[in-house]
Amino acid sequence: MTAARRARPERTCVGCRQRAPANELLRFVAVGDGDPFRLRPDPDRRLPGRGAHVHPDPACLALACKRRAFGRALRKVGVADTGELAEHIHASTITPDHPTGRVSQQQGRTTDMSTR
(Lines give C-alpha, C1' and ligand atoms only; values in the text may rest on other atoms or scores of the structure.)
Protein backbone atom coordinates (compact mmCIF):
# COMPACT_ATOMS: atom_id res chain seq x y z
CA MET A 1 0.00 0.00 0.00
CA THR A 2 1.13 3.52 -0.64
CA ALA A 3 0.90 6.11 2.07
CA ALA A 4 -0.72 9.42 1.25
CA ARG A 5 1.83 12.22 1.10
CA ARG A 6 0.91 15.48 2.74
CA ALA A 7 1.80 18.64 0.91
CA ARG A 8 4.16 20.91 2.82
CA PRO A 9 3.37 24.62 2.63
CA GLU A 10 5.83 26.64 0.57
CA ARG A 11 6.58 30.34 0.81
CA THR A 12 8.73 32.75 -1.18
CA CYS A 13 11.73 34.51 0.36
CA VAL A 14 11.36 38.30 -0.07
CA GLY A 15 15.13 38.57 -0.54
CA CYS A 16 16.20 35.99 -3.10
CA ARG A 17 12.66 35.24 -4.41
CA GLN A 18 13.29 31.47 -4.12
CA ARG A 19 10.42 29.21 -3.03
CA ALA A 20 11.16 26.99 -0.05
CA PRO A 21 9.25 24.98 2.56
CA ALA A 22 7.81 27.32 5.18
CA ASN A 23 9.78 25.63 7.98
CA GLU A 24 13.07 26.65 6.29
CA LEU A 25 12.14 30.35 6.18
CA LEU A 26 11.84 32.91 8.96
CA ARG A 27 8.46 34.62 9.21
CA PHE A 28 8.38 38.27 10.24
CA VAL A 29 5.63 40.83 10.77
CA ALA A 30 5.41 44.63 10.80
CA VAL A 31 4.90 46.27 14.19
CA GLY A 32 3.72 49.86 14.52
CA ASP A 33 1.95 52.20 12.17
CA GLY A 34 4.57 54.93 12.11
CA ASP A 35 7.30 55.67 9.67
CA PRO A 36 9.56 53.73 10.06
CA PHE A 37 7.66 50.58 10.99
CA ARG A 38 9.61 47.84 12.80
CA LEU A 39 10.08 44.29 11.52
CA ARG A 40 9.75 41.70 14.26
CA PRO A 41 10.90 38.10 13.71
CA ASP A 42 8.21 35.48 14.34
CA PRO A 43 10.00 32.10 14.50
CA ASP A 44 6.97 30.44 16.18
CA ARG A 45 4.58 31.81 13.51
CA ARG A 46 2.11 33.06 16.12
CA LEU A 47 2.17 36.87 15.91
CA PRO A 48 -0.95 38.49 14.48
CA GLY A 49 -0.98 40.41 11.24
CA ARG A 50 0.27 40.00 7.73
CA GLY A 51 3.58 38.20 7.62
CA ALA A 52 6.31 37.69 5.07
CA HIS A 53 9.23 35.26 4.91
CA VAL A 54 12.98 35.45 4.44
CA HIS A 55 15.76 32.87 4.59
CA PRO A 56 17.62 33.16 7.92
CA ASP A 57 20.70 34.29 5.99
CA PRO A 58 22.28 37.78 6.11
CA ALA A 59 22.67 37.72 2.31
CA CYS A 60 18.91 37.31 1.77
CA LEU A 61 18.19 40.06 4.29
CA ALA A 62 20.62 42.41 2.51
CA LEU A 63 19.04 41.60 -0.84
CA ALA A 64 15.56 42.28 0.54
CA CYS A 65 16.76 45.65 1.88
CA LYS A 66 18.35 46.51 -1.46
CA ARG A 67 15.17 45.59 -3.34
CA ARG A 68 12.98 47.45 -0.80
CA ALA A 69 10.82 44.35 -0.62
CA PHE A 70 9.46 44.74 2.92
CA GLY A 71 6.84 47.39 2.18
CA ARG A 72 5.47 45.50 -0.81
CA ALA A 73 5.39 42.14 1.00
CA LEU A 74 3.67 43.55 4.08
CA ARG A 75 1.54 46.13 2.22
CA LYS A 76 2.97 48.97 4.27
CA VAL A 77 4.00 52.45 3.19
CA GLY A 78 7.20 53.89 4.58
CA VAL A 79 10.66 52.79 5.58
CA ALA A 80 11.21 49.51 7.42
CA ASP A 81 13.38 49.39 10.55
CA THR A 82 15.16 46.06 10.11
CA GLY A 83 17.25 46.20 13.30
CA GLU A 84 15.42 43.56 15.33
CA LEU A 85 15.10 41.21 12.33
CA ALA A 86 18.79 41.63 11.45
CA GLU A 87 19.85 40.88 15.05
CA HIS A 88 17.77 37.70 15.04
CA ILE A 89 19.24 36.52 11.72
CA HIS A 90 22.82 37.32 12.72
CA ALA A 91 22.34 35.56 16.06
CA SER A 92 21.08 32.45 14.26
CA THR A 93 24.22 32.31 12.08
CA ILE A 94 26.63 32.28 15.05
CA THR A 95 28.56 29.05 15.42
CA PRO A 96 30.75 28.17 18.43
CA ASP A 97 33.53 26.57 16.35
CA HIS A 98 34.10 29.59 14.10
CA PRO A 99 36.79 31.97 15.48
CA THR A 100 34.83 35.17 14.87
CA GLY A 101 31.54 33.65 15.95
CA ARG A 102 29.87 34.08 12.56
CA VAL A 103 29.85 31.91 9.49
CA SER A 104 31.78 33.55 6.70
CA GLN A 105 30.10 34.16 3.37
CA GLN A 106 33.32 32.92 1.71
CA GLN A 107 33.44 29.66 3.70
CA GLY A 108 34.09 26.71 1.43
CA ARG A 109 35.11 28.82 -1.57
CA THR A 110 38.55 29.09 -3.03
CA THR A 111 39.91 31.91 -5.13
CA ASP A 112 42.82 31.66 -7.52
CA MET A 113 45.05 34.64 -6.69
CA SER A 114 47.71 33.93 -9.28
CA THR A 115 48.88 36.59 -11.73
CA ARG A 116 49.01 34.34 -14.76
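So, here's what we can say about the structure. What you see as residue numbers is a count from 1 along each chain, following the sequence as written. Only residues with pLDDT of at least 70 get local features here, since the model is predicted, and only at 80 or more are side-chain atom pairs given and counted; chain-wide, interface and lining totals rely on the full set of residues. Hydrogens and waters are ignored; side-chain quantities use all the structure's heavy atoms.

## With respect to the pairing of strand β4 (residues 37-41)
Moving on, step 1. Think of it in three bands: with a 1.4 Å probe and only protein chains considered, a residue is buried below 20% of the maximum accessible area for its type, exposed above 50%, and partly exposed in between. A helix here means a DSSP run of H or I that spans at least four residues, while a strand means a run of E at least two residues long, and both kinds are numbered starting from the N terminus. Burial of β4 is one-sided: the residues F37, L39 and P41 facing one way are buried, the residues R38 and R40 facing the other way are not.
Moving on, step 2. Of the pairings in the sheet, the one linking strand β3 (residues 26-31) to β4 comprises four bridges and is antiparallel in character. Bridge pairing in β4 links F28 to P41.
Moving on, step 3. In this antiparallel pair of consecutive strands, β3 and β4, the connection spans five residues, and G32 shows a positive phi of 95 degrees.
Moving on, step 4. Criterion used throughout: strands pair if DSSP finds at least two bridges between them. Examined bridge by bridge, β4 and strand β6 (residues 80-81) share two bridges and lie parallel to one another. Bridge assignment links F37 to a residue of β6, and that residue is A80.

## Overview of the pattern of salt bridges
Moving on, step 1. Any Lys or Arg side-chain nitrogen found within 4 Å of a carboxyl oxygen on Asp or Glu counts as a salt bridge. Counted according to the given criterion, the structure contains three salt bridges.
Moving on, step 2. Between R19 and E10 there is a salt bridge whose closest N-O contact spans 3.4 Å.
Moving on, step 3. You can call R19 exposed: its relative accessible area is 52%.
Moving on, step 4. Given a relative accessible area of 39%, E10 falls into the partly exposed group.
Moving on, step 5. Among the ionic pairs, E84 bridges to R40, the shortest N-O distance being 3.5 Å.

Everything listed is a geometric property; what it means functionally is a separate question.
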